[in-house]
Amino acid sequence: MSVAAHPAPQRPIKIRINHLTKRFRNLVAVDDVSIDIEEGTFFAIVGPSGCGKTTLLRILGGLETVTSGEATIADPAPGRPQYSIIFQGDSIFPWMTVWDNSAYGLRMRKAPKAEIEAAVAHWLERTGLTRYAKLYPHQLSGGMRQRVSIARAFANDPEVLLMDEPFSALDEQNRTILQQELLRIWEVDKKTVVFITHSVDEAVTLADKIMVMTASPGRAKCIIDVTLERPRNVLELRNDPRYGRIVYGIWGHLKDEVERARL
Amino acid sequence: MTAHESATGKAKSSAPETELIDIGEQARLSTRRRERIMSFASPLGLLLVWEITGRLGFIDIRFFPAPSRIIGMMIEMLMSGELIEHVLISLQRILLGFILGGIPAIVIGIIMGISRPVRALVDPLIVATYPIPKSAILPFILLIFGLGEMSKVVMVAIGVFFPVAINATAGVLQIAPIYLDVGRSFKAGRWDTFRTIALPGALPFIMTGIKLGAGLALILIAVAEMVGAKSGLGYMIWSAWETFAVAKMYVGLFTIALIGFGISILLREVERLIIRWKADA
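A.B. asks: Give me the lowdown on the overall build of chain A, citing residues and values where you can.
C.D. replies: Within chain A, the regular secondary structure consists of nine helices and nine strands. Computed over its C-alpha atoms, the radius of gyration of chain A comes to 18 Å, within 12% of the 18 Å expected for a compact globule of 263 residues. For chain A, the spread of C-alpha atoms along the three principal axes comes to 50 × 45 × 40 Å. Per-residue burial for chain A yields a buried fraction of 44% across its 263 residues.

Structure, rendered in structure tokens:
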């Protein structure tokens, strides 16, 4: 277990996961995971398929209960939501227009009408969806639909963003474009992010810290600091030797786990 | 002739692709036109055969009065206001029955879809009562609600309730679980979950239920009016039979068929309007 030594936190802890275990009948999905995530950190979790990383995120998002231990997100400032989730695959409502989908979180928390209109207009602009505001999801491509999902989460203005492999269903070009757009959007106000992915490249491209999880049962194997400076350019990073070294290093940790998961 | 032929031949060889596309389009258009003509021709042809065989004495016009006579009778009944009166009262009963049966069916069906305990409680009741022929409970309904308007409306309501409720439940159950997760993650309350996820998600299924219900409503209103009413199309058909006014009976049948046709067109338009978000709508 090689945990990167990090100095005493300067920023407050936003998410605290303490000896968290989740069991589904006989399967141990998450086994005794403890992490503290500081405010404003882009925190990625990588691991082989079925390592319990999605379960971990769903627990943080209140969609699953814990078996033992705890996972808590710090209370938000008054009037702001604690978190929003960007889901894997198609999660925007097919029966709502792009505009109505983007407004969903704000409407659910009964935000004033003027605030909803301003926030939705702003985030549709930032995600390049303004022209498509009145369209229904079936009229959009997969990449566009995932942009709506991003706009919906950001427009809600939560303190924490939980992202569950948001780009895994997209083709490589779309994924690269959306990664760049996510970085551009995120770098403005640096919310705390927990980002689940099975792609080491994606984790290194986006995150400040990466937790590598072991194959079933899912344990925290190590946490790696990504020291690449920001703002980052997704394409330029590929040409940066430090990027390659970090990716290579993580694969070293991951290789055994992937092989173990295949058994 | 030969000059024309050679001209088209030349045109073909110089631009074969545009020619081909043009011909394909024309072929499709003419097929569609032919099908439309055929769909009008078959009922008209039947009426024509009916008219001719009736006049020639091949069929008994006491049972099958010639279409011209039925249409004449229909016009006569329209002029006197008799037909309109029966149509309006039947339509009113159908509409009230739709509201009385359809709205609770949507609400109960969706709640059954959302809540497992409610489903466990209510589903056996629906499964047990659904197979009872609705026409068989007419005496019971007359006993409870008497011969007034209410018994007819209730018959329609019962007919509409089952297909709408059953489809609403099925409609909610087929909503992908991720949408409910999205609702929970954005802290949607019970009412918001119903309003923004369950109802719109189940709507295509609910519309199917309503269309099935409309068919049943027409059957049941005719039956209910034959037995326990002094007005409406069912009553009109029944009293025509009793007085052996056969042409009048056919007017009733034609009118019900037309109403059924009208309702199905209306529902198709309503469906197109409210389910615009479907890829195939």
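Picking up after the structure, the text goes on.
A.B. asks: Can you lay out the domain arrangement of chain B for me, pointing to particular residues and giving the numbers?
C.D. replies: In many analyses, interface size is given as the accessible surface area lost on bringing the parts together. What the domain assignment reports for chain B is domain 1 (2–55) and domain 2 (69–274). Computed over C-alpha atoms only, the centres of domain 1 of chain B and domain 2 of chain B are separated by 41 Å.

A.B. asks: Go over helix H5 (residues 142–155) of chain A with me, naming the residues and quoting the values.
C.D. replies: Residue pairs spaced three or four apart in an α-helix point in one direction, given the helix's 3.6 residues per turn. Residues and elements named next belong to chain A. When the terminal C-alpha atoms of H5 are compared, their 20 Å separation across 14 residues agrees well with the 20 Å that a helix rising 1.5 Å per residue should span. Those residues of H5 that sit buried are Arg-145, Gln-146, Arg-147, Val-148, Ser-149, Ile-150, Ala-151, Arg-152, Ala-153, Phe-154 and Ala-155. Those residues of H5 that are buried are in contact with strand E5 (83–86), helix H2 (98–102), helix H3 (104–108), helix H4 (113–126), strand E6 (160–164) and helix H6 (172–189). Positive phi appears at Asp-157, one or two residues downstream of H5, with a value of about 50°.

A.B. asks: Outline the packing of H5 of chain A against H6 of chain A, listing residues and values.
C.D. replies: Residues and elements named next belong to chain A. Relative to each other, H5 and H6 sit at 20°, their axes nearing to 11 Å. Between H5 and H6, the crossing angle belongs to the class labelled roughly parallel. In the crossing of H5 with H6, the sense of the turn from one axis to the other is right-handed. Mapping the contact onto sequence places Gly-142, Gly-143, Gln-146, Ile-150 and Phe-154 in H5 and Asn-174, Leu-178, Leu-182 and Ile-185 in H6.

A.B. asks: Break down the sheet that holds strand E4 (residues 68–73) of chain A for me, citing the residues and quoting the values.
C.D. replies: In a beta sheet, neighbouring strands are held together by backbone hydrogen bonds and run either parallel or antiparallel to one another. Residue and element names in this part refer to chain A. Spatially, three strands are ordered E2-E1-E4 in an open sheet, and the strand pairing comes out antiparallel. Every interior strand has two partners, whereas the edge strands, strand E2 (27–38) and E4, have only one. For this sheet, the mean inter-axis angle between neighbouring strands, taken without regard to orientation, is 20°. With eight bridges joining them, strand E1 (residues 13–24) and E2 adopt antiparallel strand pairing. Paired with Leu-20 across the strands is Val-33, a residue of E2.

A.B. asks: Can you explain the nonpolar core? Please cite residues and give values.
C.D. replies: Ranked by internal contacts, the top residues of the largest apolar core, which has 122 residues, are Ala-44, Val-194, Phe-195 and Ile-210 of chain A together with Val-156 and Ala-168 of chain B. Not counting the four nearest positions on each side in its chain, Ala-44 of chain A is found in contact with Phe-195, Thr-197, Ala-203, Leu-206, Ala-207 and Ile-210 of chain A.

A.B. asks: Describe the domain arrangement of chain A, with residues and values.
C.D. replies: Residue and element names in this part refer to chain A. Each domain of chain A was delimited in the assignment, giving domain 1 (1–74 + 160–263) and domain 2 (89–158). Between the C-alpha centres of domain 1 and domain 2 there is a distance of 25 Å. Counting residues at the interface gives 11 residues for domain 1 and 11 residues for domain 2. In terms of residues, the side of domain 1 that touches domain 2 owes the most to one element, H6, which gives five residues.

A.B. asks: Explain the interface of chain A and chain B to me, and be specific about the residues and the numbers.
C.D. replies: Each partner contributes to the interface: chain A provides 16 residues, whereas chain B provides 15 residues. Ranked by residue count, the leading element in the side of chain A that touches chain B is H3 of chain A, at three residues. Residues of the side of chain A that touches chain B, tallied by class, amount to nine nonpolar, six polar and one charged.

A.B. asks: Give a detailed account of unusual backbone geometry, specifying residues and quantitative values.
C.D. replies: Residue and element names in this part refer to chain A. Here the bond from Arg-230 into Pro-231 is cis, since omega is -5°, no more than 30 degrees from zero. Topologically, Pro-231 is positioned in the loop between strand E9 (220–225) and helix H8 (234–238). In this model, Asp-32 sits at a positive phi of 50°, which is unusual for a non-glycine residue. Mapped onto the secondary structure, Asp-32 falls in strand E2.

A.B. asks: Give a description of the confidence of the model for chain B that names residues and reports values.
C.D. replies: A residue-level look at chain B finds 90% of positions with pLDDT of 70 or above and a mean pLDDT of 88. Both scores are given for the predicted complex: the pTM is 0.81, the ipTM 0.90.

A.B. asks: Outline the environment of Gly-183 of chain B, supporting the account with residue identities and numerical values.
C.D. replies: With respect to the helices, strands and loops of the structure, Gly-183 of chain B is situated in helix H8 (residues 177–185). Distance in space between the C-alpha atoms of Gly-183 of chain B and Ile-197 of chain B is 7.6 Å, their sequence separation being 14 residues.

A.B. asks: An account of the pairing of E9 of chain A is requested, with residue identities and associated values reported.
C.D. replies: Residues and elements named next belong to chain A. Note: strand E8 (residues 209–213) against E9, five bridges, orientation antiparallel. Looking at E9, one finds that Val-212 is bridged to Cys-222. Hairpin connection, E8 to E9: the antiparallel pair is bridged by six residues.

A.B. asks: Help me get a handle on the packing of helix H4 (residues 82–114) of chain B against helix H7 (residues 149–173) of chain B, residues and values and all.
C.D. replies: All names here are of chain B. Between H4 and H7, the least distance of the axes is 6 Å, while the angle of their chain directions is 30°. As far as their axial angle goes, H7 and H4 are roughly parallel. For H4 against H7, the interelement crossing comes out right-handed. Considering only residue class, the contact of H4 with H7 consists of 24 nonpolar, eight polar and three charged.

Rules behind the numbers
Residues numbered from 1 in each chain as written. Chains lettered and ligands numbered in written order. Predicted model: local features only at pLDDT ≥ 70, side-chain atom pairs only at ≥ 80, totals over all residues. Helix = DSSP H or I, 4+ residues; strand = E, 2+ residues; numbered from the N terminus. Rg over C-alpha atoms; globule rule 2.2 N^0.38 Å. Buried ≥ 20, exposed ≤ 12 C-beta atoms within 10 Å, placed from the backbone. Domains from an automatic or database assignment. Expected span 1.5 Å × (residues − 1). Contact = placed C-beta atoms within 7 Å. Axes fitted to C-alpha atoms, helices over the stretch in contact; angles between N-to-C directions. Parallel < 35°, antiparallel > 145°, perpendicular 65-115°, else oblique. Left-handed = near helix turned anticlockwise from the far one by under 90°. Pairing = 2+ DSSP bridges. Core = buried A, V, L, I, M, F, W, Y, C linked by C-beta atoms within 7 Å. Nonpolar A, V, L, I, M, F, W, Y, C, P; charged D, E, K, R; others polar. pLDDT = per-residue confidence, 0-100.

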